[in-house]
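Working through the structure, step by step
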Amino acid sequence: MKRKGTWILCLLIAWCGQGHAMSNTLEKLRDPDRHIDMDIINDLYLMGDDALPFLVQTLTDEEPDVRLKVVSLLTDYYFDPDALSALTVIFLHDTDDRVRSMAAYGIASIDIEYANKLMGKHLNAGGETQEIVMDVLSKYGDERVISKLVERLEDPKAHPEVRRHTAYALVDFFKDKRAVPILLDMIDYPEIIEPKALAEVLERLARIDDERVIPVLLNLPDSAIGYIDHILPQFGNLIVPLLWEKLAQTELESVRKDILRILKNIRDPAAAAFYGHAYLETEDPELRYRLIFALTNMGAEGFRTLLDIVRQEPNSEVLRALTRYNSSAAVDTVAAFALDRSFPLREEAINTLASFGQLRRKEVSKYIPQLLADPNPKVKLLTMRLIIRGRLPAFFPALEALRQDTDENIRNAADITACILSGEALLKLEVGTDRQQYDYGQPIMLNYRLRNVSNYPIKIARVPEAHLREYLRIQQPDGTTARARISASFFSPKFEDYRTLHPGDELTGTISIISISEERETYWLHQSGKYTVDLHIYSWGSGLEHGFLAWPDSITSTFDFNIKPPTIDHLDAILTRTDVVDSRKTYHQLSELKKSGIFPVLETPVLSYSQSWIPDPLEPDFLNLSNTELISKGIKMLPYESGIKLLTAIGDAQAIEALRQTVFKREVKIGDTPQIRVSTDAAFALQQLGDNIPIKWCREFAQRRLRHWKKSERVKGAEILLALQRLPIRDHWHWDPPTCLTSNKFYSENDSPSLAANWEDIIEKAATLPGLKSLLEHDIPIVRRAAAYELAYLGDPSGISMIEPDLYANDAATRGRAGFLIGKFQSQ
């Protein structure tokens, strides 16, 4: 049979006219040291319609490893129904169990209905065939296999490892509670004690909605809680008393932190009363913070509990938490505290009203006349600051009356507030540099002058150590934007720290922007060309605690300057006096000059953080490497962007081959399960070098992946299609990935086979505004909702009515997103 198959294969190769190419591909497949790579995939692509017959016939090869590679190609890269009959023969009759198992999965990947019927016929076949069938059927949740799995689970003669994996299958695919006893028993097995194996068992126990597992989970060693802290919150109020008891007993700080994290992430409204009582009983600030956070995510019950806490023990933390509900009821509650002259945190309540934002501007406004009429001068000042923050021009008449007040501080605050609302300039910011053009690496000194151009005195807090808060927005020569705040730590100004700027008075300051602290890294102006800078200046203090209203707003000025291109000598000199991060960027510049076009300048270092498995290409001898050595470096850095950029810049045959191998790479993961890693970045790099085949392969691969029976593979298809769209990163992606059609997380968290069938069309439409609008009419509700959010973030209110129900969601994050977007449109 095998010899006959090989003879037929030879005839096929000779007959189809691609004999030489097919022979070469066959030799590559027969190479025992060679895995499936882009070279083999490219050969098959070039064969066109002859590729499938070639692969099907190669299934008759005498070597099991060759057949395994071919089945893998048919499973992972082709989803052609014409291969089903050949794969069926392999599944039923091949002599190698690895090949048979892979063929069974290939059949399921191509046609799940056909696989369902085929596997059902052989469910009672016995031997290895039955084992393969049970494995495949359990993976895609076919309930016919449950009885067989239970049989194997309860077999006392079965190996413990077999029973463990059988229990895993019952939990993972069926949430079958019959697996609970065996999982509970496994915790005591010596081979399960290892943390990783223990975590696998614990996760599955927690995944089953069975109250029997709760005491077991919580009676585990303290060190085990950290492995399941992300799953325990699903038990809600059932688990809270037990967690509370364990928190009181533990002496380990690590366990305490794990329990606090679990308590914070519980969302069950039934736990609200317990949390409220616990808050009032404890004085631990960290525990109190976690309890308050959880209460803001417990809907109406959480709100009522927060309100009870404020009434019994008024404090600003809980008062501010009420605003996270952002409802009319929350506004009315906080406003009632603001109007209550006996409420101990009345001033804090007035400040808190500003936190409701644009969404509740009308509701807040109805309480402002009463606050402005209050006899307490500080209440008036706080209310005027509230008017400024909310930009509420409707109160001009009330402000006009206050501009005639007998209290000088009230008159001055009313003058400032009225001018800000009318858009009248009060302060003028002038910024200049000592020159228009600077050498690379030269300190750039900004001199600013802040002048009072109004007819009113204005108070501003300024002390020698911190003076004003300054904020820079820097547009770089390549069009990218960076932001950096340069200021000292926050402080509360004393009375003597405030300075009164009378009409015509000014404040001056100097800022160096050669090196600006930006989170962990030093921001280095390493590009040459024109920079445009927006300088924003804010006043530190409000002055309210001293009985007056200081400058409450910000002011901006724009200016530009140029940085000359560096020279080699100049960069060499800089390297002797800069720190490690700056040195990396300077090496980029130096390598660009010494090896023009070989290593493009990157905006950020290759190593932003410590990643020991990525070789750092920026050591000094990097500049002396040959092209062959550079390619070797680039290959080691793959699939990271730096490696792809380096190989693309070199662009010779060796570099191109390395990139092609990167587009599709078959790698072995935990448990020896082969995985396909796709690099669309490498495919685009090859397109840039004139090779369009990898891009087409990526698209076809992704389209086939969307039809896969396995969720992770469907999601992988969506991720590739998103990457191929090359959509710009939208500013809102970090707000809520599950509602963002341009985020991978939407597809991983909202996956279902019926939805996956629509993904390609959804992803294509999500790339444009008209496409997003059309998705508002989609049949699937979560797609309509996500499209509404996408449009709202992009400034289009077409789907705002679909977002409004989220204002009343249980969790604070959803309410906050909806409130922010709806409020944004209300303010326009």
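Let me sum up the structure you'll find in this document. (Residues numbered from 1 in each chain as written. Predicted model: local features only at pLDDT ≥ 70, side-chain atom pairs only at ≥ 80, totals over all residues. Heavy atoms only, no water.)

**Some thoughts on the packing of helix 33 (residues 653-663) against helix 34 (residues 680-688)**
Where we set the bar: Axis definition: a line fit to C-alpha positions, over the contact stretch in the case of helices; interaxial angles, taken between N-to-C directions, run 0 to 180 degrees. Secondary structure elements are defined from DSSP: runs of H or I of at least 4 residues count as helices, runs of E of at least 2 residues count as strands, and each element is numbered from the N terminus. Note on convention: near helix rotated counterclockwise from far helix by under a right angle means a left-handed crossing. Clockwise means right-handed. Contact criterion: two residues are considered in contact whenever any of their non-hydrogen atoms come within 4.5 Å of each other. Residue type decides the class: Asp, Glu, Lys and Arg count as charged, Ala, Val, Leu, Ile, Met, Phe, Trp, Tyr, Cys and Pro as nonpolar, and the leftover types, Gly among them, as polar.
The N-to-C vectors of helix 33 and helix 34 enclose an angle of 145 degrees; their axes lie 8 Å apart at closest approach. Handedness of the helix 33/helix 34 crossing: left-handed. Here Ile656, Leu659, Arg660, Thr662 and Val663 of helix 33 come into contact with helix 34, specifically with Ala682, Ala683, Ala685 and Leu686. Here the contact of helix 33 with helix 34 is built from residues that sort into 7 nonpolar, 1 polar and 1 charged.

**Overview of helix 5 (residues 64-76)**
Each α-helix winds once per 3.6 residues, and so residues spaced three or four apart point in a common direction. Threshold: In this scheme, a helix's expected span is set at 1.5 Å multiplied by one less than its residue total. Burial status follows relative accessibility: with a 1.4 Å probe on protein chains alone, a residue under 20% of its type maximum counts as buried, one over 50% as exposed, and anything between as partly exposed.
End to end, helix 5 covers 18 Å across 13 residues, agreeing with the expected 18 Å (1.5 Å per residue, within 8%). All of the buried residues in helix 5 are Val66, Arg67, Leu68, Lys69, Val70, Val71, Ser72, Leu73, Leu74, Thr75 and Asp76.

**Regarding the environment of Ser223**
Here Ser223 is to be found in the loop between helix 14 (213-218) and helix 15 (225-228). Separated by 31 residues in the primary sequence, Ser223 and Ser254 place their C-alpha atoms 8.3 Å from one another.

**Quick notes on the pattern of salt bridges**
Formally: Think of a salt bridge as a Lys or Arg side-chain nitrogen and an Asp or Glu carboxyl oxygen that are within 4 Å of each other.
All told, the structure shown has 39 salt bridges when counted by the stated rule. Residue Asp97 pairs with Arg100 through a salt bridge whose shortest N-O separation is 3.8 Å. Here Asp97 pairs with Arg100, and both are found in helix 7 (residues 97-110), just 3 residues apart, close to one helical turn. Arg100 sits in the buried class, given a relative accessible area of 7%. Arg660 is paired through a salt bridge with Asp691; the nearest N and O atoms lie 4.0 Å apart. Of the two residues, Arg660 sits in helix 33 while Asp691 sits in the loop between helix 34 and helix 35 (693-705), which places them 31 residues apart along the sequence. Here Arg660 and Asp691 have matching classes, each one buried. Taken together, the shared-partner salt bridges connect Glu253, Arg256, Lys257, Asp284, Glu286 and Arg290 into one network.

**Things to note about the packing of aromatic side chains**
In this description, a pair of aromatic rings is defined by centroid distance and the angle of the planes. For clarity, the cut-off: Aromatic rings from Phe, Tyr and Trp, with only the six-membered ring used for Trp, were paired whenever their centres fell within 6.5 Å, and each pair was classed as stacked if the ring planes differed by under 30 degrees, edge-to-face if by over 60, and tilted otherwise. Throughout this description, the term charge over a ring refers to an Arg CZ or Lys NZ atom that lies within 6 Å of the ring centre and within 35 degrees of the ring normal.
For the coordinates displayed, the defined rule picks out 11 aromatic pairs. Relative to Phe548, the ring of Tyr498 lies with its centre 5.1 Å away and its plane at 85 degrees, an arrangement referred to as edge-to-face. Of this pair, Tyr498 sits in strand 7 (residues 498-501) while Phe548 is found in the loop between strand 11 (529-538) and strand 12 (554-563), placing the two residues 50 residues apart along the sequence. Here Tyr498 falls in the buried class, since its relative accessible area comes to 10%. These aromatic residues form a ring-pair network of at least three members: Tyr438, Tyr531 and Phe561. The ring of Tyr325 carries Arg815 above its face, with NZ or CZ at 3.9 Å from the centroid. The cationic tip of Lys824 hangs over the ring face of Phe825; the distance from NZ or CZ to the ring centre is 5.4 Å.

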